[in-house]
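Commentary on secondary and tertiary structure
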Amino acid sequence: MTRPSPHIDRDRLAAARAWAEARYHACDVCAERCLVDRHAGELGLCGLPADARVYKEYLHLGEEARLVPSHTIYLSGCNFRCAFCSDDPQVRRPLEHGVTVPPAALAKRIAQRRAEGARNVNFVGGLPDVNVLYILKVLEHCPPDTPVVWNTNLWTTPEAIAHLEGVVWTWLVDFKFGNDRCARKLAGARDYLATLTDLLPRAAAAGEVLVRHLLMPGHLECCTRPVLDWLATHLPEVPLNVMTGYHPYRMARGRGPMSRGIPAAERATALAGLGPERFADLLFDGTEYPLIVSGSAS
Ligand code: SF4
C-alpha cells in the first residue's frame, strides 16, 4: 500500500498531547512505568520532571543517507544506562545539561533548519520517548508537513506507539541486544527481547520503521545473530542498517572486548554472515549494502 506524504495529523497530535499530559501524573509513558508525578517534580529512572532540556541541535549529515540532512535535536534523559553510551553525562545527570527552550522557540528553529535543507526533524538524546510531552508541545507549533523522526531504543509501550501514530513519520529504532542477559548487563533493561519483539511490529504498523543494529565486539553470536535472525523472519521488508562504528566511550577504561573497537576479523565475519538475501532493504553504515560490500568487504 502506498503511504501518503509525511504529515502530522492535528487531531491525533492533540489527543497524544492530552494523553501524555495526563500520564505524566503517574508516569507510564515508557516501558519503565515509574508511576511518579512528573508535573509535581518527582523523578523516575529518566530523571526528568515535566520539562525537557535541549543540549544540542544541528543539521546532521551522518545519519542514514536517505534521512540526511537531518535536523537532529538532542534532549537529555534516557531510560537505558548503556555502558558504552556516547552521551553518558546527559543521560545520567539530565538536569545538569542543556537548557529549557520554549516549544514555540524550538519550532522556530525547526522551521529555520528546514529552510536550510533539513529533510526532517529528528528527536534523539538521550531519548525522545521520555520527553514525549515536550516534543508534542513543540510539534503543535510546526506545520503539518513536518516529517518527524523518532530516534529511539523503543523502550516504550504499546499505548505510546498507538498515540504517536499519525504524528511520528519514521521510527528509527536501535535493536541492540539479542538476549536478555546482555540487555540487563549492558543497559539495565529487563525482559528486553520480549518487549522489543512485541513493540517493533507495532511501530511498523504505526509508521515507517528503519532498524539499526550496532555490531558490538564479542557479541556476534549472542546479539547480532539473534537480532538479524528475528528481523529476517518477522520483518524482512523493514530497512535494516548494520553499523560498525562501535566506540567504547566509558568502557574504554575497562578490560575485555568491549573496551576497544570491533576487530577487523570480527567485522568481516559479521558481514559475511549477514545473509543479505534475507532482507529487502539492507544498509551498511547507512549506505546501500551492495555498494559498500563490493568495495570493502568481499
Ligand atoms: S518516562 Fe521517565 S519517569 Fe516516565 S516511566 Fe519512563 S523512565 Fe519512568
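Residues numbered from 1 in each chain as written. Predicted model: local features only at pLDDT ≥ 70, side-chain atom pairs only at ≥ 80, totals over all residues. Heavy atoms only, no water.

Attention now moves to the pairing of strand 6 (residues 208-214). For strand 6, a buried count of five out of seven residues is recorded, marking the element as mostly surrounded by other parts of the structure. Pairing of strand 5 (residues 170-174) with strand 6, which is carried by five bridges, proceeds in the parallel orientation. Following the sheet pairing, Asp-174 is matched in strand 6 by Arg-212. Pairing of strand 6 with strand 7 (residues 240-243), which is carried by four bridges, proceeds in the parallel orientation. Paired with Arg-212 across the strands is Asn-241, a residue of strand 7. (Buried < 20%, exposed > 50% of the residue type's maximum accessible area, 1.4 Å probe, protein only. Helix = DSSP H or I, 4+ residues; strand = E, 2+ residues; numbered from the N terminus. Pairing = 2+ DSSP bridges.)

This part is about the site of the ligand. Taken together, Cys-27, Val-29, Cys-30, Glu-32, Arg-33, Cys-34, Val-36, Arg-38, Gly-44, Leu-45, Cys-46 and Val-130 make up the full set of residues near the ligand. Across the shell around the ligand, the residue classes break down as eight nonpolar, one polar and three charged. (Near = heavy atom within 4 Å. Nonpolar A, V, L, I, M, F, W, Y, C, P; charged D, E, K, R; others polar.)

Quick look at the sheet that holds strand 3 (residues 120-125) now. Judged by pairing direction, the sheet is mixed, and its nine strands sit side by side in the order 1-2-3-4-5-6-7-8-9 without closing on themselves. Looking at strand neighbours, the two that pair on one side only are strand 1 (54-60) and strand 9 (287-288), the edges of this open sheet. As defined by bridge partners, strand 7 adjoins strand 8 (residues 282-284) across three bridges and the pair is classed as parallel. Each residue of the ladder has a partner; that of Val-242, found in strand 8, is Phe-284. Those strands touched by helix 8 (residues 220-234) are strand 6 and strand 7, and its axis lies near 160° from that of strand 6. (Contact = heavy atoms within 4.5 Å. Axes fitted to C-alpha atoms, helices over the stretch in contact; angles between N-to-C directions.)

Let us now look at the packing of helix 1 (residues 10-23) against helix 4 (residues 132-139). Interhelical geometry of helix 1 versus helix 4 gives an angle of 150° and a closest axis separation of 9 Å. The pairing of helix 1 with helix 4 is recorded here as roughly antiparallel in orientation. Judged by the sense of rotation from one axis to the other, the crossing of helix 1 with helix 4 is left-handed. Facing helix 1, whose interface residues are Arg-10, Leu-13, Ala-16, Arg-17, Trp-19, Ala-20 and Glu-21, helix 4 presents Val-132, Leu-133, Leu-136, Lys-137 and Leu-139. (Parallel < 35°, antiparallel > 145°, perpendicular 65-115°, else oblique. Left-handed = near helix turned anticlockwise from the far one by under 90°.)

As a rule of thumb, soluble globular proteins bury nonpolar side chains together. Trp-171, Phe-177 and Leu-200 are the most contacted members of the largest nonpolar core, which totals 89 residues. Setting aside its immediate chain neighbours within four residues, Trp-171 contacts Trp-150, Thr-152, Leu-154, Ile-161, Leu-164, Ala-203, Ala-206, Gly-207, Glu-208, Val-209 and Leu-210. Grouped together as the second largest cluster of nonpolar side chains are five residues, Leu-67, Val-149, Leu-172 and Leu-210 included. (Core = buried A, V, L, I, M, F, W, Y, C linked by side-chain atoms within 4.5 Å.)

When the charged atoms of two side chains with opposite charge come close together, those side chains can pair. Applying the stated criterion to the full structure yields 18 salt bridges. Here Asp-281 ties to Arg-66 by a salt bridge, and the two come within 2.7 Å at their closest N and O atoms. Here Asp-281, found in the loop between helix 9 (264-272) and strand 8, pairs with Arg-66, found in the loop between strand 1 and strand 2 (70-75); they are 215 residues apart in sequence, far enough to count as distant. A relative accessible area of 30% means that Arg-66 is categorised as partly exposed. Asp-145 is paired through a salt bridge with Arg-114; the nearest N and O atoms lie 3.3 Å apart. With a gap of 31 residues between them, Asp-145 in the loop between helix 4 and strand 4 (148-152) and Arg-114 in helix 3 (residues 103-115) connect regions that are remote in the sequence. (Salt bridge = Lys/Arg side-chain N within 4 Å of Asp/Glu carboxyl O.)

This next bit is on helix 6 (residues 180-187). When helix 6 is considered as a whole, its buried residues turn out to be Cys-182, Ala-183, Leu-186 and Ala-187. On an axial view of helix 6, the arc spanned by its buried residues comes to 100°, and they lie on one face. Within helix 6, the exposed residues directed more than 90 degrees away from the buried face are Arg-181 and Lys-185. Looking at the buried side of helix 6, the elements it contacts are helix 7 (192-206) and helix 8. One side-chain oxygen of the residue at the start of helix 6 lies 3.0 Å from the amide nitrogen of Arg-181, identifying that residue as Asn-179. Where helix 6 terminates, the next one or two residues include Gly-188, which has phi positive at roughly 80°. (Arc of directions from axis to C-beta. Polar contact = N/O pair within 3.5 Å; in protein donor to acceptor, adjacent residues only side chain to side chain.)

So, about the environment of Glu-277. With respect to the secondary-structure elements, Glu-277 resides in the loop between helix 9 and strand 8. Residue class for Glu-277 comes out exposed when judged on its relative accessible area of 66%. In sequence terms Glu-277 and Ala-232 are 45 residues apart; their C-alpha atoms lie 9.4 Å from each other.

Purely geometric numbers; function is a separate question.
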